[in-house]
Amino acid sequence: YSFAVDCSTINMHEFPQKMKKSCFMCINTIHPVTKEQEMGQLNDAIVTGIALSKCGYNVYFMVNPEAIRFFKYLRTILSQTQENVCFCFFGYTKDVIIDDSTGNLLYFADDLISCVRIKDFIDAYMVPNAQLLMIFDCNHLKDEMDLQSRSIFINDNDLPKKALILSAELDPDERAYEKD
């Protein structure tokens with residue numbers, strides 16, 4: 001049973017020219033500090049991908065991509081999906097102060113990318129009148145500033161039209177640890 005396509009196994013010209021519904025999942029399994037591989041993000045992506053596949057989405061994914069490859073595939077999927085686009089990020093995020101407000105940077109294999117940059121990219125390449133669902137399932141890493149307030153991925157005023165964002169963050173300070 002195959003529910004998704006690994007973008008590293010196909011060329012750009014192999015994508016369908018027009019898709020009704022598509023989902024692009026970016027999965028970052030490498031912890032940015034310890035550099036250890038973790039499987040929780042992959043498990044969450046599998047469950048999400050199966051559910052979206054059952055809803056009729058063409059599901060594509062990348063694991064630990066470099067930022068340039070991520071944006072190349074995201075552009076293709078956005079520009080070739082006519083009705084419903086779902087973008088999912090499973091991985092790590094970091095709080096930062098951007099223009100006097102709290103924001104997030106997403107970890108990629110070779111770079112940190114702001115959510116605002118991803119939002120602007122989506123605005124530029126998404127088919128007009130398509131609907132957008134964005135899912136962020138992230139482990140939240142605190143900065144040295146130890147920000148007190150919870151950051152947001154994209155300000156409500158900056159959301160693309162016809163968009164919905166779902167966010168599940170795990171703050172390391174809020175983890176429940178098993179005790180012996």
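Worth saying up front: this structure is predicted, and the values here are computed from it rather than measured.

1. Overview of the nonpolar core
Item 1. Core analysis: the biggest nonpolar cluster contains 32 residues, and Phe24, Phe70, Phe87, Phe108 and Ile118 have the highest contact counts within it.
Item 2. Going through the elements one at a time, β2 (19-27), β3 (58-63), α2 (67-80), β4 (81-98), α3 (115-125) and β7 (131-141) are the ones with two or more residues in this core.
Item 3. With seven residues, α2 is the single largest residue contributor to this core.
Item 4. Excluding its chain neighbours within four sequence positions, the residues that come into contact with phenylalanine 70 are Phe24, Cys26, Met62, Pro65, Phe87, Phe108 and Ile118.
Item 5. Grouped together as the second largest cluster of nonpolar side chains are 14 residues, Tyr57, Cys88, Phe90 and Leu133 included.

2. Observations concerning α3
The periodicity of an α-helix, 3.6 residues per turn, causes residues three or four places apart in sequence to face the same way.
Item 1. Restricting attention to buried positions, one finds in α3 the residues Cys115, Ile118, Lys119, Phe121 and Ile122. With its buried residues spanning 160 degrees around the axis, α3 presents them on a single face.

3. Some remarks on the pattern of salt bridges
Item 1. Under the criterion given, the structure shown has two salt bridges.
Item 2. We note a salt bridge from lysine 119 to aspartate 120, for which the minimum N-O separation is 3.8 Å.
Item 3. Exposure remark for lysine 119: the relative accessible area of 12% places this residue in the buried category.
Item 4. We classify aspartate 120 as partly exposed; its relative accessible area is 42%.
Item 5. Note that lysine 119 is salt-bridged to aspartate 123, the shortest N-O span being 2.5 Å. A residue pair is termed a helical-turn pair when its members lie 3 or 4 positions apart in one helix, as lysine 119 and aspartate 123 do in helix α3 at four residues.
Item 6. Each member of the salt-bridge network shares a partner with another, and the members are Lys119, Asp120 and Asp123.

4. Re the confidence of the model for the protein
Item 1. In the predicted model, the protein carries a mean pLDDT of 79, and 73% of its residues have values of at least 70.
Item 2. Scored below 50 in pLDDT, residues 143-151 shows 22 contacts in the model against residues more than four places distant or in partner chains.
Item 3. Across residues 171-180 the pLDDT falls below 50, and counting only partners more than four positions away or on other chains, this stretch makes 10 contacts in the model.

The rules we used
Every chain is numbered independently, its residues counted from 1 as its sequence is written. Side-chain atom pairs in this predicted model are given and counted only at pLDDT of 80 or more, local residue features only at pLDDT of at least 70, and totals for whole chains, interfaces and linings cover all residues. Derived side-chain values reflect all non-hydrogen atoms in the structure, with water molecules and hydrogen atoms excluded from consideration. Among the buried residues, those of types Ala, Val, Leu, Ile, Met, Phe, Trp, Tyr and Cys that are joined through side-chain atoms within 4.5 Å form a nonpolar core. Throughout this description, buried means an accessible area under 20% of the type-specific maximum (1.4 Å probe, protein chains only), exposed means over 50%, and partly exposed covers the range between. A helix here means a DSSP run of H or I that spans at least four residues, while a strand means a run of E at least two residues long, and both kinds are numbered starting from the N terminus. Throughout, a residue-residue contact means that at least one pair of heavy atoms, one from each residue, lies within 4.5 Å. Directions from the helix axis toward the C-beta atoms define the arc. A pairing counts as a salt bridge when a side-chain nitrogen of Lys or Arg comes within 4 Å of a carboxyl oxygen of Asp or Glu. Confidence scores per residue from the predictor, reported as pLDDT, run from 0 to 100.

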